[in-house]
Amino acid sequence: MEVGKPSRTALATAHARAYHQIAPEPRVFTDPLAAAIMGLTAAELTDQTIAATAGEDIAFHRVRRLLMASRSRFAEEMVADAVADGVRQVVILGAGLDTFAYRNPDPTLRVFEVDHPATQAWKRQLLAAAGIAIPDSLTFAPIDFETETLATGLASAGFARDRPAAFVWLGVVMYLTRDAIQSTLRYLAEQATPVRLALDYIPPASDAAPEHRAQLQARADRLAALGEPLLSHFTAAELAAELHAAGFDGVEDLSAPDLIAGYVGQDELGPEPERLHARVARAIRN
């Protein structure tokens, strides 16, 4: 992974989110800034280039693209529910090229983007080049986790621990150790209530059908070769146990195929949707 830029997987996700806006498929999630922030035109967004960026075949990348869009919608629906309940702080952990803060329709909702300082500097350059304004409601929280904790980094950014908050944690958990995940969950759950959290994770390969395990191992090997090894896997029961142990009360958990089907219908999943070996969850502490 190149220092100061998003990971290869983060770039692939951003490409997929951008292409979803013009792809011939049901629109799960609308993001008019997804291509602009990357400086891409419609002509530069094709199935071939997007799939190649991710190192995947086109057929699989279509359904994976639907997953990227669906998990973003899943998380932003959680944020919308939190705002409706009076929450006025949202923290995006590992924000990467996420654009919610620049589409945020509520100026009273304060958004904190957490990421490595160099990555945020690079994102600011992309925003400036694209002419995307940084709203007053956004606060960057640059955190180098080698020298600083999430608690101190957010405190320095002016995040209020004594007020309710929502947290979005997508595309990160699988790259962290169990200890790091557990300490982060405890920190989030100790926020003034109500606390809401949306995250995604990858189950162990042993949970997959035997015919798909070799593909999953090949993908894990590719990620490791890129310097982005998968460090943590959870079954749905294990993740629920971690969330409850941290202090969360209610947990909603969905497989990737079920999440997508809930938005576009079963017929849009195509062949072998179970190759999407991932899950999403929302949790709340009242």
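Residues numbered from 1 in each chain as written. Predicted model: local features only at pLDDT ≥ 70, side-chain atom pairs only at ≥ 80, totals over all residues. Heavy atoms only, no water.

**Re the layout of surface pockets**
Piece 1. Put simply, the second largest pocket is a space of about 160 Å³.
Piece 2. Arg73, Glu76, Glu77, Val79, Ala80, Val83, Phe100, Asn104, Pro105, Asp106 and Leu109 are the residues that line the second largest pocket.
Piece 3. Across the lining of the second largest pocket, the residue classes tally to six nonpolar, one polar and four charged. (1 Å grid on protein atoms, 1.4 Å probe; cavity = no way out; pocket = protein on both sides within 12 Å on 5 of 7 lines; lining within 4 Å. Points joined across faces, edges and corners; volume = space filled by probe spheres on them. Nonpolar A, V, L, I, M, F, W, Y, C, P; charged D, E, K, R; others polar.)

**Regarding the pairing of strand E5 (residues 195-201)**
As a general feature of sheets, a regular strand has side chains that alternate between the two faces.
Piece 1. Of all seven residues that make up E5, seven are buried, and the element is covered over most of its length.
Piece 2. Of the two faces of E5, the one holding Val195, Leu197, Leu199 and Tyr201 and the one holding Arg196, Ala198 and Asp200 are both buried throughout.
Piece 3. Bridging between strand E4 (residues 165-169) and E5 involves five bridges; their strand directions are parallel. Paired with Phe167 across the two strands is Leu197, which belongs to E5.
Piece 4. Assessed by its sense of winding, the connection that carries the chain from E4 through helix H7 (residues 178-189) to E5 is right-handed.
Piece 5. Here E5 runs beside strand E7 (residues 279-285); their pairing, made up of seven bridges, is antiparallel. In the sheet register, Leu199 faces E7, and the bridge partner there is Ala281. (Buried < 20%, exposed > 50% of the residue type's maximum accessible area, 1.4 Å probe, protein only. Helix = DSSP H or I, 4+ residues; strand = E, 2+ residues; numbered from the N terminus. Pairing = 2+ DSSP bridges. Right-handed = clockwise from strand over helix to strand, strands pointing away.)

**Some details on the packing of H7 against helix H9 (residues 236-246)**
Piece 1. Where H7 contacts H9, the axes come no closer than 8 Å and their chain directions differ by 45°. Accordingly, the angle class assigned to the pair H7 and H9 is oblique. Here the hand of the crossing between H7 and H9 comes out right-handed. Where H7 abuts H9, its residues Arg178, Gln182, Leu185, Arg186 and Ala189 lie against Glu238, Glu242, Leu243 and Ala246.
Piece 2. Across the contact of H7 with H9, the residue classes break down as four nonpolar, one polar and four charged. (Axes fitted to C-alpha atoms, helices over the stretch in contact; angles between N-to-C directions. Parallel < 35°, antiparallel > 145°, perpendicular 65-115°, else oblique. Left-handed = near helix turned anticlockwise from the far one by under 90°. Contact = heavy atoms within 4.5 Å.)

**A look at empty space enclosed by the protein**
Piece 1. Summed over the entire model, instances satisfying the criterion amount to one cavity of 30 Å³ or more.
Piece 2. Quantified by volume, the largest cavity comes out at close to 60 Å³.
Piece 3. Of all the secondary-structure elements, those providing two or more residues to the lining of the largest cavity are helix H3 (58-84) and strand E1 (89-93).
Piece 4. Top element by residues in the lining of the largest cavity is H3. It accounts for four residues.

**Quick notes on the pairing of strand E3 (residues 138-142)**
Piece 1. Most of E3 sits inside the fold, with four of its five residues counted as buried.
Piece 2. Strand direction decides the pairing type here: strand E2 (residues 110-115) and E3, joined by five bridges, are parallel. From the neighbouring strand, Glu113 faces E3, where its bridge partner is Phe140.
Piece 3. Read as a crossover between parallel neighbours, the route from E2 over helix H5 (residues 117-130) to E3 is right-handed.

**As for the sheet that holds E4**
Piece 1. With mixed pairing, seven strands are arranged side by side in an open sheet as E3-E2-E1-E4-E5-E7-E6. Here the strands that pair on one side only, and so sit at the sheet edges, are E3 and strand E6 (250-255). For this sheet, the mean inter-axis angle between neighbouring strands, taken without regard to orientation, is 15°.
Piece 2. With respect to the sheet, helix H10 (residues 256-264) is in contact with E6 and E7, its orientation differing from that of E6 by roughly 90°.

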